[in-house]
Amino acid sequence: MSKKYKTAISPTREEDYSQWYQQVIKASDMAENSDVRGCMVIKPWGYSIWENIQKNLDQMFKEIGCKNAYFPLFIPKSFFEKEAEHVDGFAKECAVVTHTKLEDDGQGSLNVAGELTEPLIVRPTSETIIGASFSRWISSYRDLPLMINQWANVVRWELRTRLFLRTTEFLWQEGHTVHSEEQEAIKLTTIMLNIYAKFAEDYLALPVIKGEKTVSERFPGALRTYCIEAMMQDKKALQSGTSHFLGQNFSKSSNIKFQNKEGCEEYAWTTSWGVSTRLIGALIMAHSDDDGLVLPPRIAPNHVVIIPIFRNEEDEIKVKTFIEDFLPQLNNTSYHGDKLRIEYDDREISGGEKNWQWIKKGVPIRLEIGPRDVANQSVFMARRDKAHRDKDSISRNEFLNNVVSFLDDIQFNIFNRALKFRESNTFLLDDYNEFYDFFTPNNIDKPMIHGGFAYSHWCGDIKCEEEIKNRLKVTIRCIPLNSKYEEGKCIFCSSNSTKRVYFAKNY
RNA sequence: CGGGAUGUAGCGCAGUUCGGUCAGCGCGUUCGGUUCGGGACCGAAAGGUCGCUAGUUCAAAUCUAGUCAUCCCGACCA
């Protein structure tokens, strides 16, 4: 066995990380590029993951009293212009609707016609249009807090796109809250950040660092931006969720006022927070291997796939009878308050081929059931968190009794693997030369997977941050919330610093 | 939007230098047979106006111009 095993995905992560990423998506049949530049078609396997993300997050939002609503896709240009920083941040990437109809030119083509007096912007985010509604909904402190979320699509006209990570149109949720007290609004942004972190870690098995963005990385119009940052397998950081404290910026521009207990009118304090289909990109890049997708059970479209194995009709009947007897019991098993999601794959294609399709799709547990298993009342189990040849025969009852703990174990392993990866690629760097080498690939022409997170001192000067970005394309991903007071010297200018921040290359 | 690369069957590619049986290969698909507990084998078949549009030429996948798309690097960004 001197020959290397053939991997299902080629190139491998090591050979060409970004090609590997695209091949994983193709092989798992999650999504594809569409005929519209920069936009993706999310196929059933990918959409099903999104539905699971929605379902679980939605529940978490509702638990803290948030309600869902829906606001228009179009934002009048005049609304958008109200918040100056906001305009600066998004103006360059807005799709704008200027006409309302098409007219036949009599030669087989259509001309745009019916010009609008005021152009409509396709929402890149909805603070301004939601703010307009909120200003009508709120008049008294008794109306507060107001907590609204919407599941929607947004458009940001990006120059360079990548499936799930950055597409022109993407799906997300955006929550918008209004409060009478500044501290209450700030507290809500951290509550949301904790929800995101918990969701990422418990469901996506994605270890994240909770932190605050520096001024230059803030959401346009926000006073503070909190974020969760995760490390991908190419050691780059991916911002996976954000929560913004907007102060009174948007309440002033949208005129969101309320009468307080003393009867005086005040501007309210607002927040906004969101996660997007980018989470699916994070999921892929954090866990998948050279055989394709690896899905954490809590978010997988299917938990278990059953693959019947037989060589003749007699065996086929035996095997199928066994499985059909076994299925209802499996279906009744509950998994974290949900039903176990089982796929019985009885398509007429070879077992090996089926097996590899499900490996590439990342299903946590594969069960091969053949005549030998029927005779022994057992099943042959393979786990996606282990090597594809590493399979075990266990009794059917043992499987039934333990399937939930197997899934939990897979979830746990995937999380731990990602956590260890992040930890072993995070370094306390205190010397600029060391820092420079850390972020410089050995071969510039073919930059290999290199770097990681540098946990280093920063004096707080925006100029140091900017210079590092210019030189190395490395940015401060966040100032971690749990950072401790520590005296040190800024990695760039050697001025005094009191805390460390995370530096990394990012998506 | 700047620099680079690529575009040939569902997927992965060869052929382009030097225009002339070059429209091919592997995988996949369909059919038939043999197999059968770790991506099976044999045989047959289907499938492409060579990204698109002009041009040069007796003749273009091949040369020229334009155009579109994708990927990589940069700027921008969740």
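Numbers given to residues run from 1 along each chain, matching the order in which its sequence is written. All chains are assigned letters beginning with A, and all ligands numbers beginning with 1, in the order in which they are written. Under the rules for a predicted model, residues below a pLDDT of 70 receive no local features and side-chain atom pairs below 80 are neither given nor counted, while totals for whole chains, interfaces and linings still include all residues. Side-chain descriptors were evaluated using all non-hydrogen atoms of the structure, hydrogens and water having been removed beforehand.

Draft legend 1. Fine view of the protein's contact with RNA strand B. By convention in these notes, a residue is near a molecule or strand provided one of its non-hydrogen atoms lies within 4 Å of it. In the vicinity of RNA strand B lie 37 residues, with Arg166, Gln239, Arg278, Asp373 and Lys391 positioned nearest. The share of sugar and phosphate among atoms of RNA strand B within 4 Å of the protein is 43%. Here Gln239 contributes a side-chain N or O atom positioned 2.2 Å from a sugar or linking oxygen of RNA strand B. Residues adjacent in sequence count toward polar contacts only when both atoms are side-chain atoms; beyond that, a polar contact is any pair of N or O atoms within 3.5 Å, and within protein one must be able to donate a hydrogen and the other to accept it. One nitrogen or oxygen atom from the main chain of Gly370 is found 3.4 Å from a base oxygen belonging to RNA strand B.

Draft legend 2. Region of the structure containing the packing of aromatic side chains. Under the pairing criterion, centres of Phe, Tyr and Trp rings, with the six-membered ring standing for Trp, must be within 6.5 Å; the plane angle then separates stacked pairs below 30 degrees from edge-to-face pairs above 60, leaving the rest tilted. Under the criterion given, the structure shown has 25 aromatic pairs. When the ring of Tyr432 is compared with that of Tyr436, the centres are 6.3 Å apart and the planes differ by 50°; the resulting orientation is tilted. Pair noted here: Tyr432 and Tyr436 are both in helix H13 (residues 432-438), with a separation of 4 residues, about one helical turn. Ring geometry for Tyr455 and Tyr502: centres 4.4 Å apart, planes at 20°, overall stacked. You can see Tyr455 sitting in strand E23 (residues 453-457) and its partner Tyr502 sitting in strand E27 (residues 500-504), a full 47 residues away along the chain. For Tyr502, a relative accessible area of 13% puts it in the buried group. Pairwise contacts between aromatic rings join Phe427, Tyr432, Phe435, Tyr436, Phe438, Phe439, Phe492 and Phe503 into one cluster. In this scheme, the term charge over a ring applies when either NZ of a lysine or CZ of an arginine sits within 6 Å of the ring centre and within 35 degrees of the ring normal. One Lys or Arg, Lys82, reaches over the ring of Phe79 and ends 4.5 Å from the middle of that ring. In this structure, Arg298 packs its charged tip against the face of Tyr203, placed 4.3 Å from the ring centre. The numbering of helices and of strands both runs from the N terminus, where a helix is a DSSP run of H or I of at least 4 residues and a strand a run of E of at least 2. Type-normalised accessible area, obtained with a 1.4 Å probe on protein chains alone, sets the label of each residue: buried when under 20%, exposed when over 50%, and partly exposed for intermediate values.

Draft legend 3. Fine view of the sheet that holds strand E19 (residues 365-369). Strand pairing is defined by DSSP finding a minimum of two bridges between the two strands. What the 5 strands build is an open sheet, ordered E18-E15-E19-E20-E21; its pairing is mixed. A strand with exactly one partner marks an edge of an open sheet, and here the two such strands are strand E18 (342-344) and strand E21 (391-395). Looking at each pair of strands side by side, their axes are set apart by 25° on average, direction ignored. Relative to E21, strand E20 (residues 378-383) is paired through 5 bridges, and the arrangement is antiparallel. The residue of E21 that forms the bridge with Val379 is Ile394. The criterion used for residue contact is that any of the two residues' heavy atoms lie within 4.5 Å. Axis angles are defined between N-to-C directions and span 0 to 180 degrees, where every axis is a line fitted to C-alpha atoms and, for a helix, only to the segment in contact. Across the face of the sheet, helix H12 (residues 396-424) comes into contact with strand E15 (304-308), E19, E20 and E21 while running at roughly 5° to E20.

Draft legend 4. The side chain of Ser276, seen in detail. Tracing the chain through its elements places Ser276 in strand E14 (residues 269-276). We classify Ser276 as buried; its relative accessible area is 13%. Setting aside residues up to four positions removed in sequence, Ser276 forms contacts with Trp50, Phe170, Leu171 and Trp172.

Draft legend 5. Main features of the environment of Asn149. With respect to the helices and strands, Asn149 occurs in strand E7 (residues 146-155). Separated by 123 residues in the primary sequence, Asn149 and Ser272 have C-alpha atoms spaced 9.1 Å apart. Here Asn149 is in contact with Asp58, Phe61, Cys66, Lys67, Asn68, Ala69, Gln173, Glu174, Gly175 and Trp273, once residues within four sequence places are set aside. Engagement of the side chain of Asn149 in a polar contact is seen with the side chain of Gln173, the distance being 2.8 Å.

Draft legend 6. Molecular detail of helix H10 (residues 351-361). Among the residues of H10, Lys354, Asn355, Trp358, Ile359 and Lys361 are the ones counted as buried. Around the axis of H10, the buried residues are gathered within 165° of arc, so they sit on the same side. Buried residues along H10 sit against helix H1 (17-28), helix H2 (44-63), E15, E18, E19 and E21. As used here, the arc is the angular range of directions from the helix axis to the C-beta atoms.

Draft legend 7. How the structure looks around unusual backbone geometry. Looking along the chain, the bond that leaves Leu144 and enters Pro145 is cis, with omega of -5°. Tracing the chain through its elements places Pro145 in the loop between helix H5 (127-137) and E7. In this structure, Asp29 takes a positive phi of about 65° despite not being glycine. With respect to the helices and strands, Asp29 occurs in the loop between H1 and strand E1 (31-33). For Gln377, which is not glycine, the phi torsion reads 55° and is therefore positive. As for its position among the elements, Gln377 is in the loop between helix H11 (371-376) and E20. The class of Gln377 is partly exposed, set by a relative accessible area of 41%.

Draft legend 8. View of the pairing of E27. For E27, the buried fraction is high: 5 of the 5 residues fall into the buried class. Residues Arg500, Tyr502 and Ala504 of E27 are buried on one face, and the alternating residues Val501 and Phe503, pointing to the opposite face, are buried as well. For E23 and E27, the ladder comprises 4 bridges, and the chain directions are antiparallel. Looking across to E27, one finds that Tyr455 is bridged to Tyr502. For strand E24 (residues 475-480) and E27, the ladder comprises 3 bridges, and the chain directions are antiparallel. By the bridge assignment for E27, Cys478 is matched with Tyr502.

Draft legend 9. Local environment of the pattern of salt bridges. By salt bridge we mean one thing: a side-chain nitrogen of Lys or Arg within 4 Å of a carboxyl oxygen of Asp or Glu. Counted by the stated rule, this structure contains 24 salt bridges. Notably, a salt bridge pairs Lys62 with Asp58, separated by 2.6 Å at the nearest N-O pair. Within this pair, Lys62 and its partner Asp58 are both found in helix H2, separated by 4 residues, close to a single helical turn. Each member of the salt-bridge network shares a partner with another, and the members are Lys213, Glu217, Glu229 and Arg477.

Draft legend 10. A look at the domain arrangement of chain A. Annotation comment: domain bounds sourced from an automatic or database domain assignment. Under the domain assignment used here, chain A contains domain 1 (50-279), domain 2 (300-420) and domain 3 (426-504). The C-alpha centroid of domain 3 is placed 45 Å from the C-alpha centroid of domain 2.

Draft legend 11. Looking closely at the packing of H2 against helix H6 (residues 182-202). In contact at an axis separation of 11 Å, H2 and H6 are set at 145° when each is read in the N-to-C sense. Crossing hand, H2 versus H6: right-handed. The segment H2 lies against H6, with Ile53, Asn56, Leu57, Met60 and Phe61 engaging Met192, Ile195, Tyr196, Lys198 and Phe199. Considered class by class, the residues forming the contact of H2 with H6 number 8 nonpolar, 1 polar and 1 charged. Crossing chirality is assigned from the near helix's rotation relative to the far helix, an anticlockwise turn below a right angle marking it left-handed and a clockwise turn marking it right-handed. The residue classification treats Ala, Val, Leu, Ile, Met, Phe, Trp, Tyr, Cys and Pro as nonpolar and Asp, Glu, Lys and Arg as charged. All others, Gly included, are polar.

Draft legend 12. Inspection of the nonpolar core at higher detail. Here, the term nonpolar core denotes a set of buried Ala, Val, Leu, Ile, Met, Phe, Trp, Tyr and Cys residues that are joined through side-chain atoms within 4.5 Å. In terms of nonpolar packing, the biggest core is built from 62 residues, with Ile53, Leu57, Phe164 and Met232 touching the most fellow members. If you count residues domain by domain, this core takes at least three from each of domain 1 (50-279) and domain 2 (300-420). Apart from residues lying up to four places away in sequence, Met232 is in contact with Tyr17, Leu206, Leu238, Ala282, Met285, Ala286, Phe421 and Tyr507.

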